[in-house]
Amino acid sequence: MIRPVKKAVFPVAGLGTRFLPATKAVPKEMLPIVDKPLIQYAVEEAAEAGIEKFIFVTGSDKAAIENHFDHSYELEAVMAERGKTADLETIQNLIPPAGALSYTRQQEPLGLGHAVWCARDLVGDEPFAVFLVDELVLSKTPCMKQVMDVYKQRGGCVYALAETPMEKTNRYGIVDVAADDGHVIDIKGMIEKPARSEAPSNLAIIGRYVLQPEVFSHLSRMERGVGGEIQLTDSLAKLVEDGIPAFGLRFEGQRFDCGGKLGFLKANIAFALARDDLGGDLSVFLDSLSASD
């Protein structure tokens, strides 16, 4: 029987050094894409995929994330007094139901695998999702909903995959392909950040995972991998060796790596162009820039 996925882990303990000085006092997960912070896009995508419990693995100076998903009574009172009903509903609707949010600390920056392991007691013995907030996908059907649909059909572990240039395989977890129907891929192995000469394919795992709880037994060994960190990919590869099926999805949509400045800027433009209230005027402005070159 394929068990339902109702919990998601959000590793948000990173320092966001690539965006300094903007992230000196503001968590990188709170940087806005148009008018919503990255973390809100991830939580909304999770909810649309059927997630009911949201687990944040935080670090120091992340109180802004907790505050964002809580009531701001002074702000709400001012909006109500001024008759800004639509804005008031917007900020109230982003708050998940009471008890749906949990927080745990990653005291040391020991890698993504360690961050996921820190959520083990909150996840328990059930399948769960993992979201890397830096990864954003603009699509008709939310990326995790697409991943979840594959999981409901096949079970096991399921990952969103994206093609990457071979010279950039050393930035991602890369899968070894057993079968590929052009949409869903059977995975026979994976390796974290391989050199071009060692990469089994150009298919990279991006920040959307559905995992089985057996991964925690491997993570608990605290084995160091690339960069001296506890790499999630290393434990996922061992799940394949254990016989737990693994599948990859060529998802529909445009992916943006918002962990870097260029990807972040591209995401802001793409998401703004997709909006009825901004797309037209922004398109005209961009055309005017091109015409002036």
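Because the structure is predicted, anything quoted here is derived from the model rather than measured.

Here strand S6 (residues 128–131) shows no split at all, with Phe-128 and Val-130 on one side and Ala-129 and Phe-131 on the other all buried. In the sheet, strand S1 (residues 7–12) pairs with S6 via two bridges, with the strands oriented parallel. Paired with Val-9 across the two strands is Val-130, which belongs to S6. The pairing of S6 with strand S11 (residues 203–211) spans four bridges and is classified as antiparallel. The partner of Phe-128 across the bridge, within S11, is Leu-211.

Before going further, it helps to spend a moment on the confidence of the model for the protein. Of all residues in the protein, 100% have pLDDT values of 70 or greater, and the mean over the chain is 93. By mean pLDDT, helix H4 (residues 85–93) is the weakest element of the protein at 85, and S6 is the strongest at 98.

Packing of helix H10 (residues 261–273) against helix H11 (residues 279–292) leaves a shortest axis separation of 8 Å and a crossing angle of 125°. Comparing the axis directions of H10 and H11 gives the class oblique. Contact with H10, carried on its side by Ile-269, Ala-272 and Leu-273, involves Gly-279, Leu-282, Ser-283 and Leu-286 of H11 and no other residues of that element. Broken down by class, the residue content of the contact of H10 with H11 amounts to five nonpolar, two polar and no charged.

Each value, and the rule that gives it
- Numbers given for residues are sequential positions, taken from 1 along each chain in its written order.
- Two thresholds apply to this predicted model, a pLDDT of at least 70 for residue-level local features and 80 or more for giving and counting side-chain atom pairs, whereas whole-chain, interface and lining totals are computed over all residues.
- As a rule here, side-chain values come from all non-hydrogen atoms in the structure, and water together with hydrogens is ignored.
- For every residue, the accessible area (1.4 Å probe, protein chains only) is compared with the maximum for its type, and the residue is labelled buried under 20%, exposed over 50%, or partly exposed between those bounds.
- Helix and strand assignments come from DSSP, with helices taken as H or I runs of at least 4 residues and strands as E runs of at least 2, each series counted from the N terminus.
- Between any two strands, pairing holds if DSSP finds at least two bridges.
- pLDDT measures the predictor's confidence residue by residue and takes values from 0 up to 100.
- Every axis corresponds to a line fitted to the C-alpha atoms, with the helix fit spanning only the stretch in contact, and the corresponding angles, defined between N-to-C directions, vary from 0 to 180 degrees.
- Here the angle decides the label: under 35 degrees means roughly parallel, over 145 means roughly antiparallel, 65 to 115 means roughly perpendicular, and every other value means oblique.
- Throughout, a residue-residue contact means that at least one pair of heavy atoms, one from each residue, lies within 4.5 Å.
- As a working rule, the residues Ala, Val, Leu, Ile, Met, Phe, Trp, Tyr, Cys and Pro are called nonpolar, Asp, Glu, Lys and Arg charged, and the rest polar, with Gly in that last group.

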